[in-house]
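The lines below spell out each chain.
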Amino acid sequence: MMHFSERRHRVDAVITGVFFIAAAVTSIIALKLYQPAITGDDYLIQASRHAQPVIMGALHELFLVVTASGTGIMLYPYLRRYNEQMGLAYFCFRLLEAILILIGTLSVLAIVSLSKAYTANPIADVEIFKAVGSTLIAIHDWTFMLGPNFMLGINTFIYSYVFFKSRLIPRALSVIGIVGAIMIFIAAHLEMFGAMQQLSVGGVVMAIPIFIYEMSLAIWLIVKGFNKNAVAKLNNAD
């Protein structure tokens, strides 16, 4: 089996760090651009009026899917060297997160199409359009909850635990990841049962640790890379 050369693991670390930053940036931009299609009582009108920004938001979500999948692809070889099952589990949950994000993106694009059909037909049955629109918004909200919250909590916990045990990055940083993963996982459950609203103050507070962790991890990987001694031990484990 091919071992990780010093140059290879340095390049892998930089690419992974860039993916983490790109994922965060694209997700924030997409959420901002989506607002006319998923908020407000007049979204059936506003979604078509702001079709271009909303579609641009969807494009950013597609970039998010690519970058999120990219982190899974880049980290999998390192995680599986430590533990085959944990590496596979991380990759699967990261992929599920990306799939849920993609489903949410499709629902938003469908709202744009629905809005165009509604505004083009002034004698349309408003209640039917509202029923379909509400369903599409609900799909987006549930996928947003289950993907970037529920699945993110699981896959972040897995790779942070492996990082902690293998010392691929400083243990203090890994602990922040473990704590952040637990908090975002709890937030997902609170939102699922209606104890907390999505994008509420409480939800944002519970998401801050994982955001700080991912950005700190990204910067660490770009500047410092993986711990050379830890990588050497993974190589010797073959």
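Above this text sits the structure in question.
Residues numbered from 1 in each chain as written. Predicted model: local features only at pLDDT ≥ 70, side-chain atom pairs only at ≥ 80, totals over all residues. Heavy atoms only, no water.

(A) Summary view of the overall build of the protein chain. If you tally the helices and strands in the protein chain, you get 8 helices and 0 strands. In the protein chain, buried positions account for 45% of the 238 residues. Surface summary for the protein chain: the accessible area is close to 11700 Å², and the carbon and sulfur share equals 71%. Within the protein chain, the 13 negative side-chain charges are centred at a point lying 16 Å from the centre of the 16 positive side-chain charges. (Helix = DSSP H or I, 4+ residues; strand = E, 2+ residues; numbered from the N terminus. Buried < 20%, exposed > 50% of the residue type's maximum accessible area, 1.4 Å probe, protein only. Areas by Shrake-Rupley, 256 points an atom, 1.4 Å probe, with all protein chains shown as cover. Lys, Arg positive; Asp, Glu negative; His and termini not counted. Charge placed at Lys NZ, Arg CZ, Asp CG, Glu CD.)

(B) Representation of the packing of helix H4 (residues 84-119) against helix H5 (residues 126-166) in the model. Orientation of H4 relative to H5, taken along the N-to-C sense of each, is 160°, at an axis distance of 8 Å. The angle between H4 and H5 falls in the class roughly antiparallel. Judged by the sense of rotation from one axis to the other, the crossing of H4 with H5 is left-handed. Among the residues forming the contact of H4 with H5, the class breakdown is 29 nonpolar, 7 polar and 2 charged. (Axes fitted to C-alpha atoms, helices over the stretch in contact; angles between N-to-C directions. Parallel < 35°, antiparallel > 145°, perpendicular 65-115°, else oblique. Left-handed = near helix turned anticlockwise from the far one by under 90°. Nonpolar A, V, L, I, M, F, W, Y, C, P; charged D, E, K, R; others polar.)

(C) Examining unusual backbone geometry more closely. Even without being glycine, arginine 167 reaches a positive phi, approximately 65°. Tracing the chain through its elements places arginine 167 in the loop between H5 and helix H6 (171-192).

(D) Structural view of the layout of surface pockets. Computed from the structure, the largest pocket encloses a volume of approximately 840 Å³. Contributing to the lining of the largest pocket are 34 residues, with Ser27, Phe144, Pro148, Asn149 and Ala207 lying nearest its centre. Those elements that provide at least two residues to the lining of the largest pocket are helix H1 (6-38), helix H3 (51-82), H4, H5, H6 and helix H7 (201-223). Of the residues forming the lining of the largest pocket, the biggest block, 8 residues, is contributed by H1. Across the lining of the largest pocket, the residue classes break down as 22 nonpolar, 7 polar and 5 charged. (1 Å grid on protein atoms, 1.4 Å probe; cavity = no way out; pocket = protein on both sides within 12 Å on 5 of 7 lines; lining within 4 Å. Points joined across faces, edges and corners; volume = space filled by probe spheres on them.)

(E) Up close: the packing of aromatic side chains. Scanning all chains against the criterion turns up 9 aromatic pairs. When the centroid spacing of 5.7 Å and the interplanar angle of 55° are considered together, the rings of tyrosine 76 and phenylalanine 91 count as tilted. Here the residue tyrosine 76 occupies a position in helix H3, and phenylalanine 91 occupies one in helix H4, the gap between them amounting to 15 residues. Three or more aromatic residues link up through ring pairs in this structure, and these residues are Phe20, Tyr78, Tyr90, Tyr159, Phe163, Tyr213 and Phe226. (Phe/Tyr/Trp six-rings, centres within 6.5 Å; stacked < 30°, edge-to-face > 60°.)

(F) Quick look at a nonpolar patch on the surface. Taken together, the side chains of Ile28, Val201, Val204, Val205, Ile208, Phe211 and Ile212 define a hydrophobic patch exposed on the protein surface, amounting to about 640 Å² of accessible area. In terms of residue count, the dominant contributor to the nonpolar patch is H7 (6 residues). Relative to the helices and strands, valine 201 is located in helix H7. Exposure remark for valine 201: the relative accessible area of 69% places this residue in the exposed category. (Patch = residues over 30% accessible without salt bridge, like charges linked within 9 Å, V, L, I, M, F, W, Y side chains within 5 Å. Salt bridge = Lys/Arg side-chain N within 4 Å of Asp/Glu carboxyl O.)

(G) The arrangement of H4 in detail. Over its 36 residues, H4 extends 53 Å from the first C-alpha to the last, a length consistent with the 52 Å expected when each residue adds 1.5 Å. Two or three places before glutamine 85, at the opening of H4, asparagine 83 has a side-chain oxygen 3.1 Å from that residue's backbone nitrogen. (Expected span 1.5 Å × (residues − 1). Polar contact = N/O pair within 3.5 Å; in protein donor to acceptor, adjacent residues only side chain to side chain.)

(H) Quick peek at the pattern of salt bridges. This model, assessed by the stated rule, comprises 3 salt bridges. Between glutamate 84 and arginine 80 there is a salt bridge, and its shortest N-O distance comes to 3.0 Å. Note that arginine 94 is salt-bridged to glutamate 97, the shortest N-O span being 2.8 Å. One end of the pair is arginine 94 and the other is glutamate 97, both in helix H4 and 3 residues apart, which spans about a single turn. Pair check on accessibility: arginine 94 and glutamate 97 agree, each one buried.

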